[in-house]
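# Structural description and commentary
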Amino acid sequence: MVQILSNIEVILLSIVSEKPSYAYEIDKTIECRDMRRWVRVGVASIYQVLKRLEEKELVYSQKEKEGRMPDRKRYYITDSGRVALAEASKRLLSNLEWYYLDLNVGLETSDILTPEEMISCLTKRLSLVKSNIKRMKENFSVGIEMPYKKKEVIKNLIYFREAEERFLQEILQELHGGQL
């Protein structure tokens, strides 16, 4: 039976698959890889999701003690966890996803704003988008060797932001022209 996993379940399974880890280590990995820019995962949810993955028998934990530290649970991926991770990876790479973007929600609810307020908000967002693109491109071109998957994630994010930049410029032109 194929288990459909949430994105956060897939991320945590992937990290545990790379190296058996404590929840704290998983959080630090997410932080170091800057994953919170593209996946919503809080510290508390890491513990909840690990518990759920354990209930699904995709990971197991062992209490371990290091020095004077209290016992901590280290999580290990199971064979069925590896199968589920591979299937999830194939599904995520092969299928289209829906976009749950704050921008779309803002556009849908923007009737309450004046044209000037819309222009102000979208101009501010456009400035942030341009700054974000610049920063990502600088990080990308620093010449630091980075793993293939990290490089591809950054490229994908840059392309999305560039598309957003063009979209915002188009909307602002329409608003300035009084077409809306």
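Residues numbered from 1 in each chain as written. Predicted model: local features only at pLDDT ≥ 70, side-chain atom pairs only at ≥ 80, totals over all residues. Heavy atoms only, no water.

## Thoughts on helix α3 (residues 43-55)
- Given a rise of 1.5 Å per residue, 13 residues ought to cover 18 Å, and the 19 Å separating the end C-alpha atoms of α3 matches this to within 8%.
- Residues of α3 that are buried make contact with α1 (7-18), α2 (23-32), β2 (59-64) and β3 (72-77).
- With its phi angle positive at about 60°, glutamate 57 sits one or two positions after the end of α3. (Helix = DSSP H or I, 4+ residues; strand = E, 2+ residues; numbered from the N terminus. Expected span 1.5 Å × (residues − 1). Contact = heavy atoms within 4.5 Å.)

## A short note on the packing of α1 against α2
- In the contact formed by α1 and α2, the axes pass within 10 Å of each other and the chain directions differ by 105°. By the angle class used here, α1 and α2 are roughly perpendicular. Taken together, the residues of α2 that come into contact with α1 (itself represented by Ile11, Leu12, Ile15 and Val16) are Ile26, Thr29 and Ile30.
- Taken together, the residues of the contact of α1 with α2 break down into 6 nonpolar, 1 polar and no charged. (Axes fitted to C-alpha atoms, helices over the stretch in contact; angles between N-to-C directions. Parallel < 35°, antiparallel > 145°, perpendicular 65-115°, else oblique. Nonpolar A, V, L, I, M, F, W, Y, C, P; charged D, E, K, R; others polar.)

## As for the sheet that holds β3
- The strand order across the open sheet formed by 3 strands is β1-β3-β2, and the pairing between neighbours is antiparallel. Looking at which strands have only one partner, the edges of the open sheet turn out to be β1 (21-22) and β2.
- For β1 and β3, the ladder comprises 2 bridges, and the chain directions are antiparallel. Across the sheet, the residue bridging to tyrosine 22 is arginine 74, located in β3.
- Strands in contact with α1 are β1, β2 and β3; relative to β3, the strand with the most contacts, it is inclined by about 90°. (Pairing = 2+ DSSP bridges.)

## Topic: the pattern of salt bridges
- Per the stated rule, a full pass over the model turns up 16 salt bridges.
- Where arginine 37 meets aspartate 34, a salt bridge forms, and the shortest distance between an N and an O atom there is 2.7 Å.
- In this structure arginine 37 comes out as partly exposed when scored by relative accessible area, which is 47%.
- Since its relative accessible area comes to 36%, aspartate 34 is described here as partly exposed.
- Ionic pairing is found between arginine 125 and glutamate 164, a salt bridge with its closest N-O pair at 2.5 Å. Here glutamate 164 lies in helix α7 (residues 148-176) and arginine 125 lies in helix α6 (residues 115-140), a separation of 39 residues in the sequence.
- Judged by relative accessible area, glutamate 164 falls into the buried class, the value being 10%.
- Via salt bridges that share partners, Lys19, Glu25, Glu64 and Arg74 belong to a single interconnected network. (Salt bridge = Lys/Arg side-chain N within 4 Å of Asp/Glu carboxyl O. Buried < 20%, exposed > 50% of the residue type's maximum accessible area, 1.4 Å probe, protein only.)

All quantities given are derived from atomic positions and should not be read as evidence of function.
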